[in-house]
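What the coordinates show
Now for the letters of each chain:
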Amino acid sequence: MSDLINVILLGIIEGITEFLPISSTGHLLIAEKFGLGERSDLFNVGIQAGAILAVTFIYWGRIWKLFTQWRDPANRDYLAKLFVAFMITAVLGLVAVKLGFKLPEAVTPVAWALVIGGIWMIVAEYLAARQPDRTRVTWVVAILVGIAQMIAGIFPGTSRSGATIFAAMLFGTSNRAAATEFAFLVGIPTMYAATGYELLKVVKEGGVHHEDWTALIVGFIVSAIVAFVAVKWLLGYIRSHRFIPFAIYRIVLGIALLLLVPAGG
């Protein structure tokens, strides 16, 4: 029962943090290190996929329109940019995995990523506010969003949503809502692909019988439900608010962790 409660708490944490620019991977790592129990890579990626499922439902109308009205030049252009951003992430991500390029899963590097990312968000908000309002997603934005996703994937604490949203806002899509939509839509195939990759790896390595599938399913469902609520709230929030409170939260949390956790812990 206690482990089930821990799984539910991890699902809640994932659902809240996956799309808020505060790093779901970082929060999951912190939670696991501080008492909720370490989980497999498949579990962590699987509950992230639960959060992505929630976004799939929220953006289903937009997704349906893109694919059923692909003959429209604007939709075809948008789909092409989503595809390029995803492929950049996928290819660079596979290269990074093959090279073993990944920070140690310790709290200290996550804390530094939270602080640095928070400062970056404040600077980015300031710079984006000085640009004219632009909703169009350019090819430069698509390429940089793809790169940003890869960077966030190998540096725990960076935040995939934060990295991609601000890459878009700074380099062409200054409109906060438009940048957020593109970042979230790119995240859908990315996280589904990541989950599939981890699942295939588990099957190949013969770990199917050792995986706690009950915990994974419960975490997936909880994450999906919580993420649906969190994303609905965030999309309403960004219409009239900036991301500065999230940046401050990141900096405070990161500094607290650096002060409380021994170096390298």
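Note that the structure is predicted; figures quoted are calculated from it, not measured. (Residues numbered from 1 in each chain as written. Predicted model: local features only at pLDDT ≥ 70, side-chain atom pairs only at ≥ 80, totals over all residues. Heavy atoms only, no water.)

1. A closer look at the confidence of the model for the protein
Across the protein, pLDDT averages 88, with 96% of residues at or above 70. Within the protein, no element has a lower average pLDDT than helix α2 (residues 24-36), which sits at 81, and none a higher one than helix α4 (residues 60-68), at 94. (pLDDT = per-residue confidence, 0-100. Helix = DSSP H or I, 4+ residues; strand = E, 2+ residues; numbered from the N terminus.)

2. Some remarks on the layout of surface pockets
As a volume, the largest pocket reaches approximately 1100 Å³. When grouped by side-chain class, the residues that make up the lining of the largest pocket number 18 nonpolar, 14 polar and eight charged. A volume near 390 Å³ is recorded for the second largest pocket. Only α6 (107-129), α7 (139-154) and α8 (160-170) provide two or more residues apiece to the lining of the second largest pocket. If one sorts the elements of the lining of the second largest pocket by residue count, α6 sits on top with seven residues. Taken together, the residues of the lining of the second largest pocket sort by class into 15 nonpolar, three polar and one charged. (1 Å grid on protein atoms, 1.4 Å probe; cavity = no way out; pocket = protein on both sides within 12 Å on 5 of 7 lines; lining within 4 Å. Points joined across faces, edges and corners; volume = space filled by probe spheres on them. Nonpolar A, V, L, I, M, F, W, Y, C, P; charged D, E, K, R; others polar.)

3. With respect to the nonpolar core
Grouped together as the largest cluster of nonpolar side chains are 45 residues, with contacts concentrated most on Y59, F182, F184, L234, F243 and F246. Ranked by the residues each element gives to this core, the list is headed by helix α9 (residues 176-204), at eight residues. Non-local contacts of F184, meaning those with residues more than four positions away in its chain, are made with F19, V55, Y59, S161, I165, V231, L234 and L235. (Core = buried A, V, L, I, M, F, W, Y, C linked by side-chain atoms within 4.5 Å. Buried < 20%, exposed > 50% of the residue type's maximum accessible area, 1.4 Å probe, protein only. Contact = heavy atoms within 4.5 Å.)

4. A word on the packing of helix α5 (residues 73-98) against α9
Following both chains from N to C, one finds α5 and α9 inclined at 40°, their axes separated by 10 Å at the closest point. Relative to α9, the element α5 lies oblique. α9 is crossed by α5, and the crossing has right-handed handedness. Contact with α5, carried on its side by Y78, K81, L82, A85, F86, T89, L94 and V97, involves E181, F182, L185, V186, P189, T190, A193 and Y197 of α9 and no other residues of that element. Of the residues contributing to the contact of α5 with α9, the split by class is twelve nonpolar, two polar and two charged. (Axes fitted to C-alpha atoms, helices over the stretch in contact; angles between N-to-C directions. Parallel < 35°, antiparallel > 145°, perpendicular 65-115°, else oblique. Left-handed = near helix turned anticlockwise from the far one by under 90°.)

5. Quick notes on a nonpolar patch on the surface
A cluster of nonpolar side chains, L199, V203, V208, W213, I217, I221 and I225, forms an exposed patch at the surface whose accessible area comes to about 600 Å². Only α9 and α10 (213-237) provide two or more residues apiece to the nonpolar patch. Looking at the nonpolar patch, the element that brings in the most residues is α10, giving four residues. Tracing the backbone shows I221 in helix α10. (Patch = residues over 30% accessible without salt bridge, like charges linked within 9 Å, V, L, I, M, F, W, Y side chains within 5 Å. Areas by Shrake-Rupley, 256 points an atom, 1.4 Å probe, with all protein chains shown as cover. Salt bridge = Lys/Arg side-chain N within 4 Å of Asp/Glu carboxyl O.)

6. Examining the pattern of salt bridges
Oppositely charged side chains can form a pair if their charged atoms are brought close together. One pass over the full model with this rule turns up five salt bridges. Linking R39 and D3 is a salt bridge whose minimum nitrogen-to-oxygen distance equals 2.7 Å. Remark: D3 occurs in helix α1 (residues 2-17) and R39 occurs in the loop between α2 and α3 (41-58); sequence separation between them is 36 residues. Its salt-bridge partner being R62, residue E181 comes within 3.3 Å of it at the nearest N-O pair. Taken together, the residues span a long stretch of sequence, with E181 in helix α9 and R62 in helix α4 at a distance of 119 residues. Under the relative-accessibility criterion, E181 is labelled partly exposed at 21%.

7. Details of the packing of aromatic side chains
If you walk through the whole model with that rule in mind, you get eight aromatic pairs. With a centroid separation of 5.6 Å and an interplanar angle of 90°, the aromatic rings of Y78 and F182 are classed as edge-to-face. Here Y78 is found in helix α5, whereas its partner F182 is found in helix α9, with 104 residues between them in sequence. Judged by relative accessible area, which is 10%, Y78 ranks as buried. Overall, F182 belongs to the buried group, its relative accessible area being 0%. (Phe/Tyr/Trp six-rings, centres within 6.5 Å; stacked < 30°, edge-to-face > 60°.)

8. Concerning the side chain of S174
Mapped onto the elements of the fold, S174 is located in the loop between α8 and α9. With relative accessibility at 8%, the residue S174 sits in the buried group.

9. A word on α3
A rise of 1.5 Å per residue sets the reference length of α3, with its 18 residues, at 26 Å; its end C-alpha atoms lie 26 Å apart and thus fit the reference within 8%. Of all 18 residues in α3, 15 are buried, a share of seventy percent or more. (Expected span 1.5 Å × (residues − 1).)

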